[in-house]
Amino acid sequence: MRIGVVGAGYVGLTTAACFAHLGHQVVCADVDESKVEALNAGEVALHEPGLSDLVAEGLGSGGLRFVTGSRLSDVDFTFVCVQTPTGADGEADLTAVEEVLDQVSGPAVVKSTVPVGTAAKHPGVVSNPEFLREGHAVEDFLRPQRIVVGAQDERQARAVADLYGATRAPVVLTDTTSAELVKYASNCFLALKLSYVNTLAELCEHLDADIDGVTEGMRLDNRIGASCLAPGPGWGGSCLPKDTLALLATARTAGIDFATLEAAISTNHHQPRRVVDRIREEVGPLDGVRIGLLGLTFKAGTSDLRDSPALVVAGILSGEGAVLVAYDPCVEQDRPGITVLPSAVEAAEGADVLLVLTEWPEFAELDWPELAKRVRNPLIFDTRGVVPPGKAAEAGFRLVRTGR
Ligand SMILES: NC(=O)c1ccc[n+]([C@@H]2O[C@H](COP(=O)([O-])OP(=O)(O)OC[C@H]3O[C@@H](n4cnc5c(N)ncnc54)[C@H](O)[C@@H]3O)[C@@H](O)[C@H]2O)c1
Ligand SMILES: O=c1ccn([C@@H]2O[C@H](COP(=O)(O)OP(=O)(O)O[C@H]3O[C@H](CO)[C@@H](O)[C@H](O)[C@H]3O)[C@@H](O)[C@H]2O)c(=O)[nH]1
């Protein structure tokens, strides 16, 4: 089939490259001219395993090309993959989606996360929400856990589902409104689970219980499931924060009190503050305290800093006068109030405190004796549980697991 994709971000570029890999003829449009130019030269700026290879494969075979703009012609389907940031009152801002939908001539398929009821306002528009995780985009697209398609008639929905080729994923065909709600319902459920576990971790700190033991016991119950049980400094990224606010706004408009979701959001706002309070408890006032941050991205496996809890924690620390340096395997540029250094050892130089904010696996393998030589005070706060307690203790560090 001839597939058009509008938007070449995480979702659009993955959709375009993967559909080309599945044998479709794909053209991907973006308004960002420099992005399009780079992509046509095979340069992929996103940190997504396998994505560069698929883009190179598509460009090489001629099955994938990139153009500047929003309007595509001579395609059988146009996938809308543009951003839907938080707008007024928490609702998703649909400006980019509406702009694209106004220009599509043939069948349009919305992959962007849009407020429930959006597709129904546009005759013939299909909803096909995307569930990929950053850092696993290609894997999740090519081997999805489910494909959800909402359309006004089943034949149209089936035609979109068939584009994914032979997949073992269960296919859910439904109406557009329900399909749109599946997306929000799923992300918000993950947020509820994460806030629940973060509060449990706080309770464990007070009761002197081991949160890892508690979650290990929970995850073996397959009604609970094994994922999203790792506590941390809060859930972030480009989706969970905005999608929880958007569903809350939808519920409010419908006159429904979504207390559980509201509580999950408020728990999440409390997390970064809790991390900072714990550090202050140990070291006293933070003015002038040098803190070496390990990790800045919102989770491991991505270079994405959008809505990163690490940056929220850093903002509070710097507001209290702490001097911040950082190391993150995927971040090179300084951030406001944070000097980014090229290695963990350099970030440790002269530090009063080390603070782990992202669960990069390489943090488990750091040269702790070398770091111990560099710091001014051998104290680590680990919000992600990645630092091996034995190795840290052997190197002379005191390890405080907190925010978790
Ligand atoms: N990032 C994720 O992990 C993820 C996963 C599932 C769903 N989503 C949803 O998918 C949508 C896109 O998210 P993203 O992270 O890929 O966004 P993004 O910001 O990475 O990419 C959006 C792209 O669209 C382009 N664009 C904007 N307006 C345009 C227009 N009129 N014409 C052509 N291009 C235009 C931008 O230049 C940008 O390159 C959002 O609704 C998001 O909620 C995101
Ligand atoms: O056990 C866990 C799992 C996640 N997180 C945090 O939760 C946030 C979200 O993580 P994750 O869900 O992996 O990130 P995303 O890549 O943003 O993916 C989510 O958001 C996407 C955009 O809508 C959806 O497509 C995905 O299905 C959904 O998982 C991050 O800050 C993680 O650090 C934890 O703290 N503990």
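Here is what the cut-offs are and how they apply
- Residues numbered from 1 in each chain as written.
- Chains lettered and ligands numbered in written order.
- Predicted model: local features only at pLDDT ≥ 70, side-chain atom pairs only at ≥ 80, totals over all residues.
- Heavy atoms only, no water.
- UniProt positions renumbered as here; feature names shortened; annotations may be inferred.
- Near = heavy atom within 4 Å.
- Polar contact = N/O pair within 3.5 Å; in protein donor to acceptor, adjacent residues only side chain to side chain.
- Areas by Shrake-Rupley, 256 points an atom, 1.4 Å probe, with all protein chains shown as cover.
- Helix = DSSP H or I, 4+ residues; strand = E, 2+ residues; numbered from the N terminus.
- Nonpolar A, V, L, I, M, F, W, Y, C, P; charged D, E, K, R; others polar.
- Phe/Tyr/Trp six-rings, centres within 6.5 Å; stacked < 30°, edge-to-face > 60°.
- Buried < 20%, exposed > 50% of the residue type's maximum accessible area, 1.4 Å probe, protein only.
- Pairing = 2+ DSSP bridges.
- Axes fitted to C-alpha atoms, helices over the stretch in contact; angles between N-to-C directions.
- Salt bridge = Lys/Arg side-chain N within 4 Å of Asp/Glu carboxyl O.
- Parallel < 35°, antiparallel > 145°, perpendicular 65-115°, else oblique.
- Left-handed = near helix turned anticlockwise from the far one by under 90°.
- Contact = heavy atoms within 4.5 Å.
- Right-handed = clockwise from strand over helix to strand, strands pointing away.

- By the naming in an unreviewed UniProt entry, the chain goes by UDP-glucose 6-dehydrogenase and is assigned to Lentzea cavernae.
- The UniProt entry for the chain carries the following comment under Pathway (unreviewed entry): "Nucleotide-sugar biosynthesis; UDP-alpha-D-glucuronate biosynthesis; UDP-alpha-D-glucuronate from UDP-alpha-D-glucose: step 1/1."
- One UniProt comment on the chain, placed under Sequence similarities (unreviewed entry), says "Belongs to the UDP-glucose/GDP-mannose dehydrogenase family."

What about the site of ligand 1?
1) Next: Surveying the vicinity of ligand 1 reveals 29 residues, the closest of which are Asp30, Lys35, Ser70, Thr84 and Lys242.
2) Next: Between ligand 1 and Glu134 there is a distance of 3.0 Å, counted from a nitrogen atom to a side-chain nitrogen or oxygen.
3) Next: Contact with the protein chains hides 91% of the accessible area of ligand 1, taken as 830 Å² for the molecule alone.
4) Next: Taken together, the elements giving at least two residues each to the shell around ligand 1 come down to α1 (10–21), β2 (25–30) and α4 (95–103).
5) Next: Residues of the shell around ligand 1, tallied by class, amount to 12 nonpolar, nine polar and eight charged.

A short note on the packing of aromatic side chains
1) Next: Scanning the entire structure with this criterion turns up six aromatic pairs.
2) Next: Measuring from ring centre to ring centre gives 5.2 Å for Phe19 and Phe79, while their planes differ by 55 degrees; the resulting arrangement is tilted. Linking Phe19 in helix α1 with Phe79 in strand β4 (residues 77–80), this pair joins segments that are 60 residues apart in sequence. For the pair Phe19 and Phe79, one class covers both residues: buried.
3) Next: Each ring, one from Phe19 and one from Phe141, has its centre 5.3 Å from the other, and the planes form 85 degrees; the classification is edge-to-face. Here the residue Phe19 occupies a position in helix α1, and Phe141 occupies one in helix α5 (residues 137–142), the gap between them amounting to 122 residues.
4) Next: Note on Phe19: relative accessible area 0%, which makes it buried.

Describing the UniProt feature "domain: UDP-glucose/GDP-mannose dehydrogenase C-terminal" (unreviewed entry) in the chain
1) Next: According to UniProt, the feature "domain: UDP-glucose/GDP-mannose dehydrogenase C-terminal" (unreviewed entry) maps to residues 292–389 in the numbering used here.
2) Next: With 24% helix and 19% strand, the stretch residues 292–389 has end C-alpha atoms that lie 18 Å from each other.

A closer look at unusual backbone geometry
With glycine set apart, most residues show a phi of negative sign, and most peptide bonds adopt trans.
1) Next: Located in the positive-phi region is Asp74, a residue other than glycine, with phi close to 55 degrees.
2) Next: We note that Asp89 has phi near 55 degrees; this positive angle belongs to a residue other than glycine.
3) Next: Given a relative accessible area of 64%, Asp89 falls into the exposed group.

Brief notes about the sheet that holds strand β11 (residues 338–340)
1) Next: Ordered in space as β11-β10-β9-β12-β13-β14, the six strands form an open sheet in which the pairing is parallel. Each edge of the open sheet is held by one strand with a lone partner, namely β11 and β14 (398–401). Averaged over all neighbouring strand pairs, the angle between strand axes comes to 25 degrees, with direction disregarded.
2) Next: Strand direction decides the pairing type here: strand β9 (residues 290–294) and strand β12 (residues 353–356), joined by four bridges, are parallel. Among the inter-strand pairings, Ile291 is bridged to a residue of β12, identified as Val353.

Re the pattern of salt bridges
Charged atoms that come close allow side chains of opposite charge to pair.
1) Next: On inspection of all chains with the given rule, the structure shows 24 salt bridges.
2) Next: Here Asp212 makes a salt bridge to Arg401, at a shortest N to O gap of 2.9 Å. Remark: Arg401 occurs in strand β14 and Asp212 occurs in helix α8 (residues 211–219); sequence separation between them is 189 residues.
3) Next: We classify Asp212 as partly exposed; its relative accessible area is 28%.
4) Next: On the basis of relative accessible area, Arg401 is assigned to the partly exposed category, the value being 27%.
5) Next: Where Arg398 meets Glu282, a salt bridge forms, and the shortest distance between an N and an O atom there is 2.4 Å.

As for the packing of helix α10 (residues 259–283) against helix α11 (residues 309–319)
1) Next: Put simply, α10 and α11 touch, their axes get as near as 9 Å, and they point 45 degrees apart. One element, α10, and the other, α11, form an angle in the oblique class. Of the two possible hands of crossing, α10 and α11 adopt the one that is right-handed. Residues Pro272, Arg273, Val275, Val276 and Ile279 of α10 touch α11, and the partners they reach there are Val312, Val313, Ile316 and Leu317.
2) Next: When grouped by side-chain class, the residues that make up the contact of α10 with α11 number eight nonpolar, no polar and one charged.

Things to note about the pairing of strand β1 (residues 2–6)
Two faces make up the sheet, and in a regular strand the side chains alternate between them.
1) Next: By the criterion of burial, β1 is predominantly enclosed, with four of the five residues buried.
2) Next: Handedness of the β-α-β unit built from β1, α1 and β2 comes out right-handed.
3) Next: Pairing of β1 with β4, which is carried by four bridges, proceeds in the parallel orientation. Bridge assignment links Val5 to a residue of β4, and that residue is Phe79.

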